[in-house]
Amino acid sequence: MKSMLASTAVVLTFCAAPAAAAEFPKTGSAEYDTYYVDNTLAKIDSGTDTGGIVDSTGITRNVKGEGPFNDMSVRCLYHWSSVGEAFHLNGSCVETDKDGDNVFTTFDDNNHYLMGGTGKYKGITGTVPYTYVDLHETVGGRSAYIVNHKATWEIK
């Protein structure tokens, strides 16, 4: 009886392993929010126009509370410029999940772009339109904001 139970446990272990590895779908869509706090590294001001380099960190949560892009840490580096009435930004981010797998993104004024990753995200591509809401500055004057993302992706 003991050997039968041990055999059953071994079979169940091997059957469960592929399911855990296949957690992230090869194609899909998800909505998630990222809560960011910025650290401005450098700023330049001409008297009429300004620009800056920012190191931003945050936490990403799927709006459903589970599923893709839930509970990921995020670090971004970006450049912003304000020229006349126009405001522009572009940069790069790395999002890291609980397993230590990463997604690399770039972004501009309109979208994040899924450019690749490690582990379960290797080969990921996609476009992620976003909107943001400014929050009150933190103590110490750092900008804080929430960015809502609507991602669609494919892994090849």
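All of the points below concern the structure found in this document. It should be emphasised that the depicted structure is a prediction, and the values quoted were computed from it without experimental measurement.

### A word on the packing of aromatic side chains
Here a ring pair, both rings aromatic, is described through the centre-centre distance and the interplanar angle of the planes.
Phase 1 of the analysis: Counted according to the given criterion, the structure contains eight aromatic pairs.
Phase 2 of the analysis: Arranged with centres 5.7 Å apart and planes meeting at 90 degrees, the rings of Phe24 and Phe69 form a pair that is edge-to-face. Pair noted here: Phe24 is in the loop between helix H1 (2-21) and strand E1 (27-45) and Phe69 is in the loop between strand E2 (50-62) and strand E3 (72-83), with a separation of 45 residues, a long-range link. A single burial state applies to Phe24 and to Phe69, both of which are buried.
Phase 3 of the analysis: For the ring pair Tyr32 and Phe69, a centre distance of 4.8 Å and an interplane angle of 20 degrees mean the geometry is stacked. Separated by 37 residues along the polypeptide, Tyr32 in strand E1 and Phe69 in the loop between E2 and E3 bring together distant segments of the chain.
Phase 4 of the analysis: With a relative accessible area of 1%, Tyr32 lands in the buried category.
Phase 5 of the analysis: You can call Phe69 buried: its relative accessible area is 2%.
Phase 6 of the analysis: Clustering of aromatic rings is evident, with ring pairs tying together Phe24, Tyr32, Phe69, Tyr121 and Trp153.

### A closer look at the pattern of salt bridges
Phase 1 of the analysis: Tallying each qualifying case throughout the model produces eight salt bridges.
Phase 2 of the analysis: Ionic pairing is found between Arg61 and Asp71, a salt bridge with its closest N-O pair at 2.5 Å. Remark: Asp71 occurs in the loop between E2 and E3 and Arg61 occurs in strand E2; sequence separation between them is 10 residues.
Phase 3 of the analysis: Residue classification places Arg61 among the partly exposed positions, given a relative accessible area of 44%.
Phase 4 of the analysis: Put simply, Asp97 and Lys120 hold a salt bridge, and the shortest N to O gap is 2.7 Å. Note that Asp97 is positioned in the loop between strand E4 (86-96) and strand E5 (102-107) and Lys120 in the loop between strand E6 (111-117) and strand E7 (124-134), a separation of 23 residues in sequence.

Basis of the calculations
- Residues numbered from 1 in each chain as written.
- Predicted model: local features only at pLDDT ≥ 70, side-chain atom pairs only at ≥ 80, totals over all residues.
- Heavy atoms only, no water.
- Phe/Tyr/Trp six-rings, centres within 6.5 Å; stacked < 30°, edge-to-face > 60°.
- Helix = DSSP H or I, 4+ residues; strand = E, 2+ residues; numbered from the N terminus.
- Buried < 20%, exposed > 50% of the residue type's maximum accessible area, 1.4 Å probe, protein only.
- Salt bridge = Lys/Arg side-chain N within 4 Å of Asp/Glu carboxyl O.

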